[in-house]
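Residues per chain are reported as follows:
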Amino acid sequence: MKAFIQHESRGRLRVRMHQYRMSLEQADLLEAYLLDQPGVKSAAVHERTCCATVCYTGSRAELLHAIGRFDYRSPAVTALAPQHSGRALNREYQEKLVNMTIFHLARKLFLPMPLRIAYTAVRSLPYLWRGLTCLLRRKLEVEVLDALSIGVSLLRSDFNTAGSVMFLLNVGALLEEWTRKKSLDDLARSMSLNVDRVWVRSQGTEVLMPITKVKAGDEIIVRSGNMVPLDGTVIEGEAMVNQAALTGESMPVRKIAGATVYAGTVVEEGECVFAANAVDGASRYDKIVSMIEESEKLKSGTENHALELADRLVPWCLAGTVVTYALTRNVTRAISILMVDFSCALKLSMPLAVLSAMRECGSYHITVKGGKYLEALSKADTIVFDKTGTLTHASPKVVKVVPFSGCDEEEVLKLAACLEEHFPHSMANAVVRAAKARGITHEEMHTEVEYIVAHGIASRVRGERVVIGSHHFVFEDEKCVIPAAEQQKFDDLEPEHSHLYLAACGQLVGVICIADPLRPEARHVLRQLRAIGVTNTVMMTGDSDRTAAAIARQVGGSVENFVQMMNDKAEYVQKAKAEGHTVVMIGDGINDSPALSAADVGIAINSGAAIAREIADITIKADSLEELVQLKSIANAMQRRVASNYRFVLSFNSALIILGALGILQPATSAMLHNLSTIGISLKSMTNLLPEKTQSQLQQENTKA
């Protein structure tokens, strides 16, 4: 498509498309297409002027070429169409605001005075009724102030003031509703853009595909620890499904062929194949919106305090009105005080600050389930890391198999893979991949697999109990022993590797050595976390003392700064909380779920077990641990913004009250300034908390480190 360059600067381009009109759908398509181009940082399309503004870091020539080949009808372009956008919402409220303003001016200019008086009187009835209702409930809220200011103006036959006050109240209410809906919509879209992938069975093979590509009738495979991504009907297999989040049932429900499974539930045991009943799309967006609305019930203490303070200040405004009239006998000055209240700004700006922080987290692929978790995170002084898949990479590799008790390497790896394939964890996946790479195949030669949370896996093979897991689980819980003749061989195992111990009939049969390399940014991230308020950093691992000490040395801390968790992880978290610490727990596996639930803030890795994500309060994509620094920084900045909002609302509105009482400001002027300040602070609360350059700066610092 042809386009004309209207303005250009380094890394920024504004173009006008060669078309006379642009629909909302076309604007969404063009914006999605531009954002999909390599090197494009941001893009904004203005449908009224048919213009697009693009900020980019890549090649200018390639960007212009991409714009030139853009076509609304291209299948590659239409596939990018978003299910929802905020464009229609913005257009709707823009038109409402324009129409409201035009009608108000038209009434003042062209409507005869008797009709204007009648219109104003009729329009005042809802305000007067709401104020009277509050009084009948024995509550003094902002509706009482509105009703008094309008009622007194009508009694004084000051219909212009009454009409102006109602117009400003309507404009304020419309803008408040608009900013709130826009915040919710932006947050929902940022969360819905995180594409989930599912295993689909096709022509006898399993294919991993985005959930947006799933069609009705596709056969989806879910295994132990995975979340059911869509509603469907089981056609094969058997599974125990936890439906507590959906139905409130405390016990898992058995699902066999013919049973219905529901999106959002979690498979605790077994696996099954189900046929999808509906494709992903609008329903998924609606579920996300519902989740956000539900999360609003999890208001932070700051939000609740703002709501309580707003209501407590109403009687003081009324008292100020009475005192002003008693001292001056001037009704206009008294009404000026009624025009100003603290309620609107406090009740709107504080929740918007929290919603904005949650939306900004979404832009970093971080999902926050409620404002109270960000508040708790801002106060956190202790962060507990699960080692495997969190401090270390989520794709460890088997580097050595050490057999014991007369077994060979192939036999050890075959048995281990047979058990571990039922456990969706990074180390388990490493064992399964290693067996596959060596061409080792296995059949289901064991009985039902028993997963012991935070410990390991147990089953029976040919009537013998077989266990695999940590040193603590195998040797202390299960009381397995090392063959006496091979003790030295066991002692010579490399401490820098993580170890999985496999035992049968109470005797060690093999140790699988896994290279679980530390994330390169881990050392720098821990240093940054300490700089922004985290005083205690803990690593949890079921590895041996030697392995834990080796990891501690790599991250640059002493062994005392890290804890080898031989007991239940949740116990440590609860103990730290009892000592007065605000604890954040970060993990990715089923075994981390109890600790995630026990912590003040539980953070799960998005690629980890579904049940961990379900229990956690926050999920992160974790392409880099820098996301933790961004998350903590956003939480800290949110608390600073909230404090700043408090100072501004209280000082500015107090100044308006004083100026009104002195007769410097008229009632309509006070109402206008009050509403403008409310909208201004609300818009400020919706802006990003972190500078745009923060992410790239952090990455550069990490590279240097």
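From a predicted model like this one, the values you see are computed outputs, not experimental measurements.

S.K.: It is not clear to me how the pattern of salt bridges should be interpreted in this structure. Could you clarify?
M.R.: What the rule picks out here adds up to 17 salt bridges. Between E409 and R438 there is a salt bridge, with its nearest N and O atoms 3.2 Å apart. Taken together, the positions of E409 in helix α15 (residues 409–420) and R438 in the loop between α16 (426–437) and β15 (450–452) put the pair 29 residues apart, joining distant regions of the chain. By relative accessible area, E409 is classed as partly exposed at 36%. When salt bridges with common partners are traced through the structure, they connect D28, E31, E47, R87 and R91 into a single cluster.

S.K.: Sorry if this is basic, but what is going on with the sheet that holds strand β4 (residues 51–56) here?
M.R.: The strands making up a sheet are joined through hydrogen bonds of the backbone, oriented either antiparallel or parallel. What the 4 strands build is an open sheet, ordered β1-β2-β4-β3; its pairing is antiparallel. Two strands close off the open sheet at either side, each with one partner strand: β1 (3–9) and β3 (40–46). Across this sheet, the average inter-strand angle for adjacent strands is 20°, counted without regard to direction. Note that strand β2 (residues 12–17) and β4 share 5 bridges and pair antiparallel. Residue pairing for β4: R14 is matched across the bridge by T53. Lying over the sheet, helix α2 (residues 60–68) contacts β1, β2, β3 and β4, oriented at roughly 20° with respect to β2.

S.K.: Got a minute to help me understand the sheet that holds strand β23 (residues 618–620) in this structure?
M.R.: With respect to topology, 6 strands assemble into an open sheet ordered β12-β23-β22-β21-β13-β20, the strand pairing being mixed. Strand pairing shows two members of the sheet lacking a second neighbour, β12 (366–368) and β20 (536–540), which therefore form its edges. Neighbour-to-neighbour, the strand axes of the sheet open up by a mean angle of 15°, direction not taken into account. Sheet topology note: the strand β13 (residues 382–386)/β20 ladder contains 5 bridges and is parallel. Bridging across to β20, D386 finds its partner in M540.

Here is what the cut-offs are and how they apply
- Residues numbered from 1 in each chain as written.
- Predicted model: local features only at pLDDT ≥ 70, side-chain atom pairs only at ≥ 80, totals over all residues.
- Heavy atoms only, no water.
- Salt bridge = Lys/Arg side-chain N within 4 Å of Asp/Glu carboxyl O.
- Helix = DSSP H or I, 4+ residues; strand = E, 2+ residues; numbered from the N terminus.
- Buried < 20%, exposed > 50% of the residue type's maximum accessible area, 1.4 Å probe, protein only.
- Pairing = 2+ DSSP bridges.
- Axes fitted to C-alpha atoms, helices over the stretch in contact; angles between N-to-C directions.
- Contact = heavy atoms within 4.5 Å.

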